[in-house]
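So you can see what is in the structure, the chains are spelled out below.
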Amino acid sequence: MSKEPENVFGTGITYDGYGILLRGQSGAGKSLLALDLLDRAENFNKEAFLISDDRVLLHVDGDDVMCSSPPQIAGQIELRGCGVIERPTTDQTKIHLVIDLVGELDRMPENEEFETELLGVKVARCPVPVRSLIDSVHQRLLVTEAIKRVMKADAS
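A few points on the structure. For every chain, the first residue of the written sequence is number 1, and numbering continues from 1 onward in sequence order. Per-residue local features are limited, in this predicted model, to residues with pLDDT of at least 70; the limit for side-chain atom pairs, both in listing and counting, is 80 or more; totals at the level of whole chains, interfaces and linings are taken over all residues. Only hydrogens and water are set aside; all other atoms, that is, all heavy atoms of the structure, feed into the side-chain values.

Considering the overall build of the protein chain
What counts here: Strands are runs of DSSP state E lasting at least 2 residues, helices are runs of H or I lasting at least 4, and numbering of each runs from the N terminus. Just to be clear, the radius of gyration here is over C-alpha atoms, and the globule rule we use is 2.2 Å times residues to the power 0.38. Think of it in three bands: residues with accessible area under 20% of the maximum for their type are buried, residues over 50% are exposed, and the middle band is partly exposed, with areas taken using a 1.4 Å probe on protein chains only. Throughout, a residue-residue contact means that at least one pair of heavy atoms, one from each residue, lies within 4.5 Å. Each accessible area is a Shrake-Rupley estimate made with a 1.4 Å probe; only the visible protein chains count as cover when residues are assessed.
Secondary structure summary: the protein chain contains two helices and 11 strands in total. Its helices and strands in sequence order give the protein chain the pattern β-β-β-α-β-β-β-β-β-β-β-β-α, from N to C terminus. Whereas a compact globule of 156 residues would reach a radius of gyration of roughly 15 Å, the protein chain reaches 15 Å, a difference of no more than 12%. C-alpha extents for the protein chain along the principal axes are approximately 40 × 40 × 30 Å. Of all 156 residues assigned to the protein chain, the portion counted as buried reaches 44%. When contacts within the protein chain are restricted to residue pairs at least 6 apart in sequence, those whose partners lie at least 24 apart make up 68%. Accessible surface, the protein chain as shown: approximately 8800 Å² in total, 47% of it carbon and sulfur.

Thoughts on unusual backbone geometry
Its identity is not glycine, yet aspartate 16 carries a phi of approximately 55°, on the positive side. In this fold, aspartate 16 is placed in the loop between strand S2 (11–15) and strand S3 (18–23). Owing to a relative accessible area of 30%, aspartate 16 belongs among the partly exposed residues under this scheme. Positive phi is not limited to glycine here, since leucine 119 has a value of about 50°. Inspection of the secondary structure assignment puts leucine 119 in the loop between strand S10 (115–118) and strand S11 (121–129).

Quick notes on the environment of asparagine 7
Here asparagine 7 is to be found in strand S1 (residues 6–9). On a C-alpha basis, the gap between asparagine 7 and leucine 133 in space is 29 Å, while along the polypeptide they are 126 residues apart. Residues in contact with asparagine 7, not counting those within four places in the same chain, are Arg55, Val56 and Leu57.

Shown next as structure tokens:
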């Protein structure tokens, strides 16, 4: 296990057993996409939990990057126009996928766009354009396809 956890800007969730870290600038829609994915999981009888919104704690455990919540914000997520709401939470998860909310739509990203490094560990990545460029359905499709790629890689 690594030293002190690193406190980073982002939102962490689990979706169907896979840990996802959403990153992007303030106002990019991390919380909204996380809520959308959590609600989608619930609608399809998949297990999903909020790890943390706005800030996450990351640390390395062996070959994995683990994500947990600062205790004071566990289970809380902001829904703009409503305020801070609560969602079911879990203590920590392995990060399987990083979703980067980006300001451009690349029709055919290069293979190297689908990997990133967190705390020195390579992790699958998916660039997802912000909602001013694509709608929520397109965002969800990009994320669910990325999860399928991670599942396929795990199976091999």
